[in-house]
Amino acid sequence: MGGSAPRRVHQPPVETTSFVDRRDELAEGRRLLATARLVTLTGPGGVGKTRLAGRIAARVERAFPDGVRFAHLAGLHDPALVPLAAADALGLHDHSEQPPLDTLVEQLRDRRLLLVLDNCEHLLSACAELAAALLHGTTGVRVLATSRHRLALTEEHLLDVRPLPVPDPDSDLSAAATYPALALFADRAAAVAPGFELTPDNRAAVARLCRRLDGLPLAIELAAVRMRVLGVDQLVARLDDRYRLLTTGSPAVLPRHQTLRAAVDWSHELCTEAERLVWARASVFAGSFDLEAAEAVCADPAPNLNLNLNPAPNLNPAPDPNTDRRTAERHGRAERDRRAEGDYTAEGDPPAEGDPPAEGDPPAEGDRKADGDGRTEGDPKPEGAPKPEAVHPQDVLEAVAGLVDKSVLCREGGPGTARYRLLDTLRHYGIEKLRQRPGEESAARRRQRDWAQEVAAECERRWFGPGQREIVARLRADQDNLRAALEFSLTVPGEARAGLGLAGTLWFYWHACGAPREGRYWLDRALDAHPEPTRERARALWVAGLLAGCPEDLTRGRHRAEDARALARRLGDPAEVAHAEYLLGLMALFGDDLPAALEHYEAAVARNPVDGQLPSLAVLDQVELAASLAFLGHTDRAVEVCEDAHRLCEEHGEEWVRSYVLRVLALAYAERKEWDRAEPHARDALRRKLAVHDVIGIGLTLDLLVVITAARGAHERAAVLLGGADRVWAGIDGNRFGSTTYNSARKESETRVRVAVGPEAFDRAYRRGGGLGLTAIVSYALQEAGRAVVPGPRRADGGPAPDSVRGDPRLASLTRREREVAELVAEGLANQQIADRLVIARRTAEGHVERILGKLGFSNRSQIAAWVSARR
């Protein structure tokens, strides 16, 4: 059972270049969001909708106490994953079997936040369904969408994002720098031609160029790159030639579509052959990628992949029987792919559901355009035309550098290394070029899947060891690419077994640092697609059972674990038998059958790990043995088992399993009522769980800290922790899987605390805890007695950063009325409720909140609430 919340950056894309002036659109976007709950920014590809949405969201952030979150949908192609992507962006943790939209609405019912859905055009129906569910099922959630097409909901307000205005080249241009299109060109040109600026001599030519490009920001940026080798007049002349060739094609293509196509075609023609191939092959990446990934996918097949991952110690190293098979299959397929007649087409690559090509999309088949040698696309190459040379791994770096220089690839930061991304418009263009080369697309997608398999397998081998946080960050950065690899495997005939293997290999990602619900989604699809009795199926069965997250699903989880064990025994695979048996013991423990759990784990630990057994699960056998002993009162032995397991974790530099060891050690001391010894271990466990965002582990440890804190007499603090723990569990299972073993002590503590502080004080403290986000409640729980923690700036989940509150000079800066308002904010009251309570106007209440935010240096109400709670 379990898993942790996906942790990914869900903020606007980092801006690596300056933002052109769009004052009117910014003001209109803010005005619309103040009155409407669904605003869609529409416009052609390359017009700048995503960056504008990011700017609007930043301007209105303070109006949303629960923050602003971005759901990036460009790399998503399966409509079924849209609600999960939204939950991921919002930091929600759904383990239930309810329809995902129902769960999402239930968890957001009392939140006040802005959700930005970026790039909806290829998933219109799913995005419209999501937006409608949020609008009808909540009152405080607003949606800002970007799309080339409207969502077609009655509540939708549209903001048309137009190309940048361009002056008449023959008019008075003395104020040329005030025109955003010209300013954008000058800024980008100066980046490649230092010293370039608008002058009386060149501003007419720049205006003519920008007018020819229809003021489209992407087209202007691509053209500006040519300033490295050409002057402005030369740019205009050459673009005119390119444009004339383009307009000899289909008259049905819209003018702006032709303009962007001309700019992209020109960039493509100026690339070397290797750069063109890398551009086309890189288009199979659904998200960003690093150089190692580019070398694996964009180069022609090579014997080995260099993943730049150092091997970590393994408790029981054993060869992976699938590795050699995958390698042989990969190289055996390469020749077959080169002879293939047809290519795989990724679902979601067409422009949008049921719509004609949008402005800025690649033209439909039949819209023919001239190529650089005068031919039209689709014409056969002249006899004897040279075939493109093979791209070797060592050539990819140079090609990537060239594509970055030409603004085709965007360079962005990543976990430990630089990453690269194709803008959606340029990715679609690359896919189109790839499909013109027989067999290339299926070969590139298969290489991308094989690369994903190798990365997943290497991360699994390294999981029980140092660097877990880096592994989490890397896999989160590659989430869209993992999805693309799974989708390819489960939609192309003959690839299902590989997809099943990939989904099972990622067990630790789904369970310990990923999304359990998404893991179940892929595993269910893969198990249906590959029913044959294989090792991959045995693995996938118990992993699917491990991800069961609510009482209703535990029965199915147990059946799957039993099926996995039976299949693994039939296949003679003792490692998969041991993995399935770990899960069956866990089911007994959470099912309150403590004697059976104890007997099970005694036997598992006594037999020692078998060859090929996952080290994490081998040590977790010891953890669950210690938990069973502690619950049954055998605390001395429980501590002894924990200490042995802790030594193993320390030797390997492991953190995730260690956090469970520490939690059970705290449990054993709590069962002895040695609260002073229990609390430090529980806090240490909580700190480590937050590092990998193990949400179930955080919930279990908060519950234990409630018991410890209440027993030590800090009743109001225990009530705050209760509120925070219940908020964490609300996204998992509020009933704690129906387990009496894991629920009874917490319930007894809640009753004792409520009596000790009284119903009114209890409710007030409980609401304070419930108003804190995941990071904030963990930070609150980690505070030592007499020491407080203040939220750091701009944490969307309300997460605080260390800072002393006792004697905080900022407290003295607040007036008496502002302190009253801060207390009411901490209670979760909205501005109108604060106004009603204090008998003041709503505008006055809003002014107080704004001044409090400014004086405290915070950016949202959650931070005020955390700060007030910490002071108490």
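Remember, predicted model here, so these are calculated numbers, not experimental data. (Residues numbered from 1 in each chain as written. Predicted model: local features only at pLDDT ≥ 70, side-chain atom pairs only at ≥ 80, totals over all residues. Heavy atoms only, no water.)

(A) Inspection of the overall build of the protein chain at higher detail. Scanning the protein chain from N- to C-terminus turns up 39 helices and 10 strands. Counting the 872 residues in the protein chain, one finds 60% classified as buried. At a minimum sequence separation of 6, the contacts of the protein chain that also span at least 24 residues come to 75%. When the accessible area of the protein chain is evaluated, it comes to approximately 33700 Å², of which 50% is carbon and sulfur surface. (Helix = DSSP H or I, 4+ residues; strand = E, 2+ residues; numbered from the N terminus. Buried < 20%, exposed > 50% of the residue type's maximum accessible area, 1.4 Å probe, protein only. Contact = heavy atoms within 4.5 Å. Areas by Shrake-Rupley, 256 points an atom, 1.4 Å probe, with all protein chains shown as cover.)

(B) Quick look at the pairing of strand β2 (residues 68-72). By the criterion of burial, β2 is predominantly enclosed, with 4 of the 5 residues buried. Relative to strand β3 (residues 113-118), β2 is paired through 5 bridges, and the arrangement is parallel. Its bridge partner lying in β3, Ala-71 is registered against Leu-117. (Pairing = 2+ DSSP bridges.)

(C) Quick peek at unusual backbone geometry. In this model, Asn-119 sits at a positive phi of 70 degrees, which is unusual for a non-glycine residue. Tracing the backbone through its elements, the reader meets Asn-119 in the loop between β3 and α5 (124-137). Despite not being glycine, Ser-407 shows a phi value in the positive range, around 65 degrees. Topologically, Ser-407 is positioned in the loop between α14 (393-405) and β7 (409-412). Judged by relative accessible area, which is 26%, Ser-407 ranks as partly exposed.

(D) Structural detail: the environment of Ser-147. By the element assignment, Ser-147 lies in strand β4 (residues 141-147). Once the C-alpha coordinates of Ser-147 and Asp-118 are considered, the two residues, 29 residues apart in sequence, prove to be 7.2 Å apart. Setting aside chain neighbours within four positions, we find Ser-147 in contact with Thr-40, Leu-41, Thr-42, Gly-43, Lys-49, Cys-120, Glu-121 and Leu-124. Polar contacts involving the side chain of Ser-147 include one to the main-chain amide nitrogen of Glu-121, which spans 3.5 Å. (Polar contact = N/O pair within 3.5 Å; in protein donor to acceptor, adjacent residues only side chain to side chain.)

(E) Region of interest: the nonpolar core. Counting 248 residues, the largest nonpolar core has Leu-104, Phe-185, Trp-507 and Trp-542 as its most contacted members. Discounting residues that sit within four places of it in the chain, Phe-185 has contacts with Phe-196, Val-206, Leu-209, Cys-210, Ile-220, Ala-224, Met-227, Val-232 and Leu-235. The next biggest cluster of nonpolar side chains, apart from the first, holds 20 residues, and it includes Leu-814, Leu-824, Ala-826 and Phe-858. (Core = buried A, V, L, I, M, F, W, Y, C linked by side-chain atoms within 4.5 Å.)

(F) Local environment of the sheet that holds strand β6 (residues 289-290). Taken together, 3 strands build an open sheet; the order of strands is β6-β8-β7 and the sheet is antiparallel. Only two strands of the sheet have a single neighbouring strand rather than two, namely β6 and β7.

(G) Quick look at the side chain of Asn-202. By secondary structure assignment, the location of Asn-202 is in the loop between α6 (180-192) and α7 (203-212). A polar side-chain atom of Asn-202 sits 2.9 Å from the main-chain carbonyl oxygen of Glu-197. Apart from residues no more than four positions distant in its own chain, Asn-202 is found in contact with Phe-196 and Glu-197.

(H) Representation of the environment of Gly-828. Mapped onto the fold, Gly-828 is located in the loop between α36 (816-826) and α37 (831-838). The spacing of Gly-828 and Gly-771 is 57 residues in sequence and 6.4 Å in space, taken between C-alpha atoms.

(I) Structural view of the packing of aromatic side chains. Here the structure, examined in full by the defined rule, presents 16 aromatic pairs. Relative to Tyr-429, the ring of Trp-279 has its centre 5.3 Å away and its plane inclined at 35 degrees; by these criteria the two rings are tilted. Of the two residues, Trp-279 is situated in helix α11 (residues 273-282) and Tyr-429 in helix α15 (residues 424-435); the sequence distance between them amounts to 150 residues. By relative accessible area, which is 1% here, Trp-279 ends up buried. (Phe/Tyr/Trp six-rings, centres within 6.5 Å; stacked < 30°, edge-to-face > 60°.)

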